[in-house]
Amino acid sequence: MTPSKRVTDAGPGWAERLAQDHARAIRTTLGAVARRPFGTLLTAFVIGITLALPAGLHTLLANLGGGIGGLPQTLRASLFLKDTVSPERGLTLTREIARRPDVSGTAYISREQALAEFRRYSGLAEALDLLKDNPLPASIVVDADARAPRARIEALFKQLAALPEVEEARYDEQWLTRLQAIVSLIQRLVLLTAAALAVTVLVVIGNTVRLDIENRREEIRVLKLIGAGAGYIRRPFLYSGLWYGLAGAFLACLLVEGGWLALRAPAQRLAALYEGGLALHGLSFEVAMAVFGTGAALGWLGAFWSVTRDLRRIEPG
Amino acid sequence: MSAADAMIVFEHVHHRYGEGPEVLSDTSFALARGEMAFITGASGAGKSTLLNLIALLARPSRGRIRVDGRELAEIRGRRIAAYRRCIGMIFQNPSLLADRTVFDNVALPLLIRGLSGADIGRRVRAALDAVGLLHKEKAYPATLSGGEQQRVGIARAVVAKPPLLLADEPTGNLDPDMAREVMRLFLRFNQVGVSVLVATHALGLIRDLPCRVLRLSGGVLSEQAPDPAPERTFDTV
């Protein structure tokens, strides 16, 4: 091979050249977006809604999960006492239980207190008046130290339930465990939905890029004719896919935040009804970043998929 | 002519499309480095096929082709693009991109080579100047006449200074004056060392030019004794 002038005026070094090629592709594709914003917006909107669904569900679940976590972490047992146990004995027992290890707090609720509370919350005051006797038992509420191992707390509750004064024991933990199980089931469903929707985004972007390729068939033909490499021809389409994905991610974040703004007031009223008050939040920074990352990755992949399949078909000659 | 002196060498090249009749049969010829030659023949005689084989737009069914010392059979896949960058191609339809200005159209071969902006500006203007269209750089192809579009296509083919120029019926859509002007352009590029192969059926146009004429008829190539002899007229151009 003979060195010729053509080699020396090949221009900048490879790194510089790569940066320059990418900068040109970015400029061209962003210019194309600016020239027909409506078409881009339409595709971005479809992607936005598709991405907003799992992001919104995830935020909802995170709030629910946070709500559950925000509930008093102590495990609580209610020991219902036999009617034969006197209030004095009940109070003594309450103090005795409070001294046991792994117990963080106790409270004695007399039959009268229980009735008063029931009257206040149940709205069945008239019905209660019809009864001659107070049907409610006295009870001791026992809060276990949540830092203690679960097995030890269960053993403790079992011991307490077996006390001769205790008629029946009930653990509040059960509904919490069930709720947690339901939430983790829904979380799994969200993951599955997200996977299905990711495929949707891939297809939407792939199809949009396929149409772009079809519209620019002549340009691709000419580029191949004058010796443009596959990477050069592919690059603008990959960037287009990236822009679609990022624009979609941006719209998805807007939609989730919009939904949060619309739901915030009633959700906070609901949260306030729970003791301790749930701290509700909108789209977290991490989730927003995940949405942008997913959008970008799916956009690029969808474009890559179309471009590798379709560019081969367009040949000059 | 030794192999090293040749820009294009065809050795017993046959070509057929699918199961059809042979478009080229047993074609052998050579184009020297820095030579300009014409291929003539009726339409359908295989002129375009011959050029397509050189540009790797088609592959021969049999025979060997060497271009600039390279065996074309060995150029495959990704290397085709790099090979095509060594050839300037001109067609009867200049296939310009309608949504780009004349400047941007001519700049394409430089963009794919990754030249910097300043280099591109300088070279595109030089190429447009050579075809007499410097004042049209901001125009869009649709606003140009057929002859002007063809000259933009020529500027695009030569802007990267390829060592070989192929032209397929470049004057097919042009009036005689414009056609003569385009042929003069090719001669000018040839005089600065570019090898040029032009397929044309405009015999009247090339009669007076000092170049070899290869005649294709029914897929068979024969060399026409140039009239007048090239050596005699070459200096007068």
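Residue positions are counted from 1 within each chain, in the order its sequence is given. Ligands are numbered from 1 and chains lettered from A, in the order in which they are written. Predicted model: local features are reported for residues with pLDDT of at least 70 only, side-chain atom pairs are reported and counted for 80 or more only, and whole-chain, interface and lining totals are derived from all residues. Side-chain numbers come from the whole structure's heavy atoms, not from hydrogens or water.

## Some thoughts on the overall build of chain A
Here is step 1 of the chain: Per the convention used, a helix needs a DSSP run of H or I reaching at least four residues, while a strand needs a run of E reaching at least two, with both numbered from the N terminus. Along the backbone of chain A there are 11 helices and 4 strands.
Here is step 2 of the chain: By residue count, 36% of the 317 residues in chain A fall in the buried class.
Here is step 3 of the chain: Here, two residues are considered to be in contact whenever any of their heavy atoms come within 4.5 Å of each other. Taking all contacts inside chain A whose residues are at least 6 apart in sequence as the whole, residues at least 24 apart take part in 83%. Here's how the labels work: a residue is buried when its accessible area is under 20% of the maximum for its type, exposed when over 50%, partly exposed in between, all with a 1.4 Å probe on protein chains only.

## Side note on the pattern of salt bridges
Here is step 1 of the chain: Take a side-chain nitrogen of Lys or Arg and a carboxyl oxygen of Asp or Glu: if they are within 4 Å of each other, that pair is a salt bridge. Considering all chains together, one arrives at 26 salt bridges over all chains under this definition.
Here is step 2 of the chain: A salt bridge links Glu219(A) to Arg100(B); the shortest N-O distance between them is 2.4 Å. Highlighted residues: Glu219(A) in helix 9 (residues 217-225) and Arg100(B) in the loop between strand 6 (87-90) and helix 3 (102-112), drawn from two different chains. The same class applies to Glu219(A) and to Arg100(B), which are both buried.
Here is step 3 of the chain: Salt-bridge contacts for Arg184(B) lead to Glu181(B); the nearest nitrogen and oxygen are separated by 3.8 Å. With Arg184(B) and Glu181(B) both in helix 6 (residues 176-191) and 3 residues apart, the pair spans about one turn of that helix.
Here is step 4 of the chain: For Arg184(B), a relative accessible area of 47% translates into the label partly exposed.
Here is step 5 of the chain: Its relative accessible area of 28% is what places Glu181(B) among the partly exposed residues.
Here is step 6 of the chain: Overlapping salt bridges, with partners in common, bring together Glu11(B), Arg64(B), Arg66(B) and Glu71(B) in one network.

## Focus: the environment of Arg100(A)
All names here are of chain A.
Here is step 1 of the chain: Among the secondary structure elements, Arg-100 is positioned in the loop between helix 4 (87-99) and strand 2 (103-109).
Here is step 2 of the chain: Separated by 47 residues in sequence, Arg-100 and Arg-147 have C-alpha atoms that sit 15 Å apart.
Here is step 3 of the chain: Once residues lying within four places of it in the same chain are set aside, the contact partners of Arg-100 are Leu-156, Gln-159, Leu-160 and Leu-163.

## Things to note about the environment of Glu22(B)
Residues and elements named next belong to chain B.
Here is step 1 of the chain: Here Glu-22 is to be found in strand 2 (residues 22-32).
Here is step 2 of the chain: Residue classification places Glu-22 among the partly exposed residues on the basis of a relative accessible area of 27%.
Here is step 3 of the chain: Considered as a pair, Glu-22 and Gly-46 are 24 residues apart in the sequence and their alpha carbons are 9.3 Å apart.
Here is step 4 of the chain: With residues near it in sequence (within four places) discarded, Glu-22 still touches His-14, His-15, Arg-16 and Arg-62.
Here is step 5 of the chain: The definition of a polar contact used here is a pair of N or O atoms within 3.5 Å, where within protein one atom must be able to donate a hydrogen and the other to accept one, and adjacent residues in sequence count solely through side-chain atom pairs. Side chain to side chain, Glu-22 and His-14 meet in a polar contact 2.9 Å long.

## What about the packing of aromatic side chains?
Residues and elements named next belong to chain A.
Here is step 1 of the chain: For Phe, Tyr and Trp, rings pair up if their centres lie within 6.5 Å, where Trp contributes its six-membered ring, and each pair is then called stacked (planes under 30 degrees apart), edge-to-face (over 60) or tilted (otherwise). Applying the stated rule across the entire model yields 3 aromatic pairs over all chains.
Here is step 2 of the chain: When the centroid spacing of 5.1 Å and the interplanar angle of 10° are considered together, the rings of Trp-300 and Phe-304 count as stacked. Of this pair, Trp-300 and Phe-304 both sit in helix 11 (residues 285-310), 4 residues apart, roughly one helical turn.
Here is step 3 of the chain: Each ring is checked for a lysine NZ or an arginine CZ that lies within 6 Å of its centre and within 35 degrees of its normal; such an atom marks a charge sitting over the ring. The ring of Trp-305 has Arg-309 sitting right over it, with the charged end atom 5.3 Å from the ring centre.

## Thoughts on the sheet that holds strand 2 of chain A
Residue and element names in this part refer to chain A.
Here is step 1 of the chain: By this definition, two strands are paired if DSSP reports at least two bridges between them. Read from one edge of the open sheet, 4 strands run 2-3-1-4, paired in antiparallel fashion. Strands with a single pairing partner mark the edges of an open sheet, and in this sheet they are strand 2 and strand 4 (166-171). Averaged over all neighbouring strand pairs, the angle between strand axes comes to 20°, with direction disregarded.
Here is step 2 of the chain: Bridging between strand 1 (residues 75-81) and strand 3 (residues 139-144) involves 6 bridges; their strand directions are antiparallel. Residue Ala-77 lies in a different strand from strand 3, and its bridge partner there is Val-142.
Here is step 3 of the chain: Running at roughly 170° to strand 2, helix 4 makes contact with strand 1, strand 2 and strand 3 of the sheet. Lines fitted to C-alpha atoms define the axes, with helix axes restricted to the stretch in contact, and inter-axis angles between N-to-C directions lie between 0 and 180 degrees.

## A few points about the nonpolar core
All names here are of chain B.
Here is step 1 of the chain: One finds Phe-38, Val-106, Val-124, Ile-154, Leu-165 and Phe-186 to be the most contacted residues of the largest nonpolar core, which totals 77 residues.
Here is step 2 of the chain: Leave out the neighbours within four places in its chain, and Leu-165 touches Gly-88, Ile-90, Ala-157, Val-158, Phe-186, Phe-189, Val-194, Ser-195, Val-196 and Leu-197.
Here is step 3 of the chain: Core analysis: the next-biggest nonpolar cluster, separate from the first, contains 35 residues, Leu-51, Leu-57, Val-67 and Ile-80 among them. Residues belong to a common nonpolar core when they are buried Ala, Val, Leu, Ile, Met, Phe, Trp, Tyr or Cys residues joined through side-chain atoms within 4.5 Å.

## Structural notes on helix 3 of chain B
Here is step 1 of the chain: Within helix 3 of chain B, 10 of the 11 residues are buried, which leaves the element mostly enclosed by the surrounding structure.
Here is step 2 of the chain: In this fold, the buried residues of helix 3 of chain B make contact with helix 2 (14-35), helix 9 and helix 10 (230-272) of chain A together with helix 4 (117-130) and helix 5 (146-158) of chain B.
Here is step 3 of the chain: Just past helix 3 of chain B, the residue Gly114(B) takes up positive phi, approximately 75°.

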